[in-house]
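What the coordinates show
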Amino acid sequence: MTGTLTTPGTVLAQVTADRDALFAEGLEADQLGKLADATVARMKDAGVIRMLQPVRYGGMEATPRQFAETVMGIAAVNPSAGWVAGIVGVHPWQLAMADTSVQDDVWGSDADTWMASPYMPNGAAIPVEGGYRMSGRWSFSSGTDHCTWAFLGAMAHEADGSMSLPPRMLHVIIPRTDYEIVEDSWDVVGLRGTGSKDLIVEDAFIPTERVMEYDHLIDGTQIAKAGLEQTVYRMPWSCMFPLGISSATIGICEGFLDTAREYLEDRIGAQGTAIKDDPYVLYQLGDAEAKVYQARQALIANAEEIWEIVDRGDEVGFDRRAQGRRTQVDVAWTAVRAIDNVYDRCGGTALRMDKPMQRFWRDAHAGLHHAIHVPSTVYHASALSGLGVDPEGPLRAMI
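What you are looking at is a predicted structure, and each value in this text was computed from that prediction instead of being measured.

**Details of the pattern of salt bridges**
By the definition in use, this model includes 20 salt bridges. Between Lys 291 and Asp 287 there is a salt bridge, and its shortest N-O distance comes to 2.8 Å. You can see Lys 291 and its partner Asp 287 sitting in helix α11 (residues 279-311), four residues apart, about one turn around the helix. As a salt-bridge pair, Arg 320 and Glu 305 come within 3.0 Å of each other at their nearest N and O atoms. Of this pair, Arg 320 sits in helix α12 (residues 318-343) while Glu 305 sits in helix α11; the two residues are 15 residues apart in sequence, bridging distant segments of the chain. Looking at Arg 320, the relative accessible area reads 11%, which means it is buried.

**Observations concerning the packing of aromatic side chains**
Under the criterion given, the structure shown has ten aromatic pairs. Between Tyr 119 and Phe 241 the ring centres are 5.1 Å apart and the planes differ by 85 degrees, which places this aromatic pair in the edge-to-face class. Remark: Phe 241 occurs in helix α10 (residues 237-264) and Tyr 119 occurs in the loop between β1 (115-116) and β2 (123-128); sequence separation between them is 122 residues. Exposure class is identical for Tyr 119 and Phe 241. Each is buried. An angle of 85 degrees between the planes, with centres 5.8 Å apart, marks the rings of Tyr 214 and Trp 237 as edge-to-face. Of this pair, Tyr 214 sits in helix α8 (residues 214-219) while Trp 237 sits in helix α10, and the two are 23 residues apart along the sequence. Neither Tyr 214 nor Trp 237 differs from the other in exposure class; each is buried. The rings of Tyr 119, Phe 151, Tyr 214, Trp 237 and Phe 241 are connected pair by pair, giving a single aromatic cluster. We note Lys 44 situated over the ring of Trp 114; from NZ or CZ to the ring centre the distance is 5.6 Å.

Reading the values: the criteria
Residues numbered from 1 in each chain as written. Predicted model: local features only at pLDDT ≥ 70, side-chain atom pairs only at ≥ 80, totals over all residues. Heavy atoms only, no water. Salt bridge = Lys/Arg side-chain N within 4 Å of Asp/Glu carboxyl O. Helix = DSSP H or I, 4+ residues; strand = E, 2+ residues; numbered from the N terminus. Buried < 20%, exposed > 50% of the residue type's maximum accessible area, 1.4 Å probe, protein only. Phe/Tyr/Trp six-rings, centres within 6.5 Å; stacked < 30°, edge-to-face > 60°. Lys NZ or Arg CZ within 6 Å of the ring centre and 35° of its normal.

Okay, here's the thing in structure tokens:
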């Protein structure tokens, strides 16, 4: 364990104490293709990734609101750091549901250990004595250069290599020594500084205790098995995991508005009119500010409403989870589309790479490309649930 942690309510203030430095490190990350070492040190000193970590391992067991607001605040200054905070930051929440021996393996010698992902089931897990042998390749492992463990998705197979039926999706916990980071695999237009590189695993042994059944995460079986009583750990996976990603996307939009206001403050438009005297640009700026603020409030309110259901001991049914996922998707799209209407009115100079707006704009759009922000099946499932129909198959994915 390192140092004395701040409380959940002061993490953001500590990590953003030197906003100019954190902002500059965001530009450095964009050029490096991964978070700057100084940013990682700053985040560790503040305990950003330990907000949802169990107290027994030196974590804070923060509320979803505290976590979301911290992610938003970091993303508004340094988008890639906010994104990593949102994704890597939720992994301790899930690890709390693992066997205590596994938690000891990850956090026993260093409570500041970071875990990467992704959960896409790109691995093939074949049963052997004591566990599985797994191989595969995964894309989009955000913050992976600074992580020494990972959660990876896999599909269970039979001993002969055929797919298990019915299909079973697994989340496996694997140390850095068992996977390779593909260095040249993250050359993208947005969120460049997240270093979301590919991972390769070749025939690694995964002990049984390091495997979680995805369905058991969704239906709460894993939580019950772990004997967790804290409200934060009984929250639905489909609320907590997407929360960090949607929070980061909204925070990036807030950061865009900060840079836009600074840019527009003294700008003279093409017709020689100061922007402060241009009602058309001012309308779009005010409208965008309102929409991004509403998106922030809706995301937080959704998490708090689900918290209240869980805290009083009631079940969060599929229909409420689908409604929550609909909200998460909607707020992200609402915020990003709102800043589009401002960027379109900032003129050609705003396209220059030495202007910070373009970085926030690119990163916000990249946030919409994450699988949790795809509206189609989420909206479909939510609408069906509202009509009294229980969705099946792919419509239940990530809900």
